[in-house]
Amino acid sequence: MNRFLHIVLLSVTLSSFSQTKVGDIHFNDIDVFEKAELMLNGAGEIERLYSIGLYLDFEVDGVEDGLKVANKDATMALTIKTISDISYDELTGIIRNGLERATDGNSYLLEDQIRDFLKLFPKNISKYEIFKIVYTNDKKIVLYKNKERLGAVANSLNFKQALFKIWLGDNPVDLNLKEDLLGTYDTNPILGEWKAYDKETGVAINIVQLYMIKNNVFGSIQQMLRQSERDAVCYECEGDDKNQPVEGLVILRNLKNKNEFKYTDGQFTDIRNGKVSDCQIWIDEDDLNTLNVKYRGGGGVHQWKRVKKSQKDNREDFRTVKF
């Protein structure tokens, strides 16, 4: 995640993001876990005990991907919000029973890690507590209560796989909840990563991440695609942007919603000359993978293409190539 976006996400209150409501509980559509920005894939409720949301940075095709998600060695998170009074023994009992189901009765093989994980939970649990279970790419399971980091379990890929199977595996605690978590979440179609192109030559320039703050759309440069421009600085920019690295620079600001597919009355920063212009962006309903970007002095409508999962994977592969 780029530097600016990381700072913004950490400094803005959680209520600033667009949210999804499950019963009486709201989940942020975008949240930050251990410095990783993840998107809500789905959320549901169980037995009026708790609501839970699944956060990922990759796409799933639906319920059939439950085991794929649980087994994947990638950063992901579960946010659990208690919606009734529940004791420590009840909550840890739910987790233990879920692990027995997830491992076909073989949870004893993970007993040391289970104990290390369960002892992180506080003995006193109140209604409307928020617990975040985060698996990081360095193979740690990290537990938060509200904003407090309670601790971590190291070397925990096998334990993580069993833990996530409580809700995503072949024998989950609740089939309807599994469907809620894995049913592909329909987020705002404007958001995500977009590849921008030079209008005259058609050559791709950079990848821009669109995100929301207080219902307005912003966009920052995730990556310059020409390797010689990876360390470029915007010398022509003005104000706080002057002499800042281009990667991480916010080039779209304060775009306001006009309808489901269009945002207007924002500003665009041209990194070539530092000029800031009025702009608007929109998607045609019959082509959700093309973002139209129009700004004053831009020579007409620019068309950016959505970066899909396979393209992201290829991009990471490309970045490892040495020339």
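A quick note: this is a predicted structure, and the numbers were derived from the prediction, not measured. (Residues numbered from 1 in each chain as written. Predicted model: local features only at pLDDT ≥ 70, side-chain atom pairs only at ≥ 80, totals over all residues. Heavy atoms only, no water.)

**Considerations on the packing of aromatic side chains**
So, point 1. Counted under the stated rule, the structure contains 6 aromatic pairs.
So, point 2. Judged by centre distance (4.0 Å) and plane angle (20 degrees), the rings of F268 and Y295 are stacked. Residue F268 is found in strand 16 (residues 262-269), and its partner Y295 is found in strand 18 (residues 287-295); the two are separated by 27 residues along the sequence.
So, point 3. Note on F268: relative accessible area 7%, which makes it buried.
So, point 4. Among the aromatic side chains, those forming a connected cluster through ring pairs are F117, F121, F131 and F159.
So, point 5. Directly above the aromatic system of F27 lies the positively charged group of K81, at a separation of 4.8 Å from the ring centroid.
So, point 6. Above the face of the Y135 ring, K160 is positioned so that its terminal group lies 5.2 Å from the ring centre. (Phe/Tyr/Trp six-rings, centres within 6.5 Å; stacked < 30°, edge-to-face > 60°. Helix = DSSP H or I, 4+ residues; strand = E, 2+ residues; numbered from the N terminus. Buried < 20%, exposed > 50% of the residue type's maximum accessible area, 1.4 Å probe, protein only. Lys NZ or Arg CZ within 6 Å of the ring centre and 35° of its normal.)

**Points about helix 4 (residues 111-118)**
So, point 1. Listed in full, the buried residues belonging to helix 4 are E111, Q113, I114, F117 and L118. With its buried residues spanning 165 degrees around the axis, helix 4 presents them on a single face. Exposed residues pointing more than 90 degrees away from the buried face of helix 4 are listed as D112 and R115. (Arc of directions from axis to C-beta.)

**A look at empty space enclosed by the protein**
So, point 1. One pass over the structure, following the stated rule, counts 1 cavity of 30 Å³ or more.
So, point 2. Its volume calculated, the largest cavity comes out at about 40 Å³.
So, point 3. What lines the largest cavity is Y50, I80, L91, I94, I95 and W167.
So, point 4. If one sorts the elements of the lining of the largest cavity by residue count, helix 3 (residues 88-102) sits on top with 3 residues.
So, point 5. Residues that form the lining of the largest cavity fall into these classes: 6 nonpolar, no polar and no charged. (1 Å grid on protein atoms, 1.4 Å probe; cavity = no way out; pocket = protein on both sides within 12 Å on 5 of 7 lines; lining within 4 Å. Points joined across faces, edges and corners; volume = space filled by probe spheres on them. Nonpolar A, V, L, I, M, F, W, Y, C, P; charged D, E, K, R; others polar.)

**Here's the deal with the state of the cysteines**
So, point 1. By the definition in use, this model includes 1 disulfide.
So, point 2. Between the sulfur atoms of C234 and its disulfide partner C237 the distance amounts to 2.0 Å. Across the disulfide from C234 to C237, rotation about the S-S bond amounts to roughly 70 degrees, and the bridge is consequently right-handed.
So, point 3. Exposure remark for C237: the relative accessible area of 2% places this residue in the buried category. (Disulfide = S-S within 2.5 Å.)

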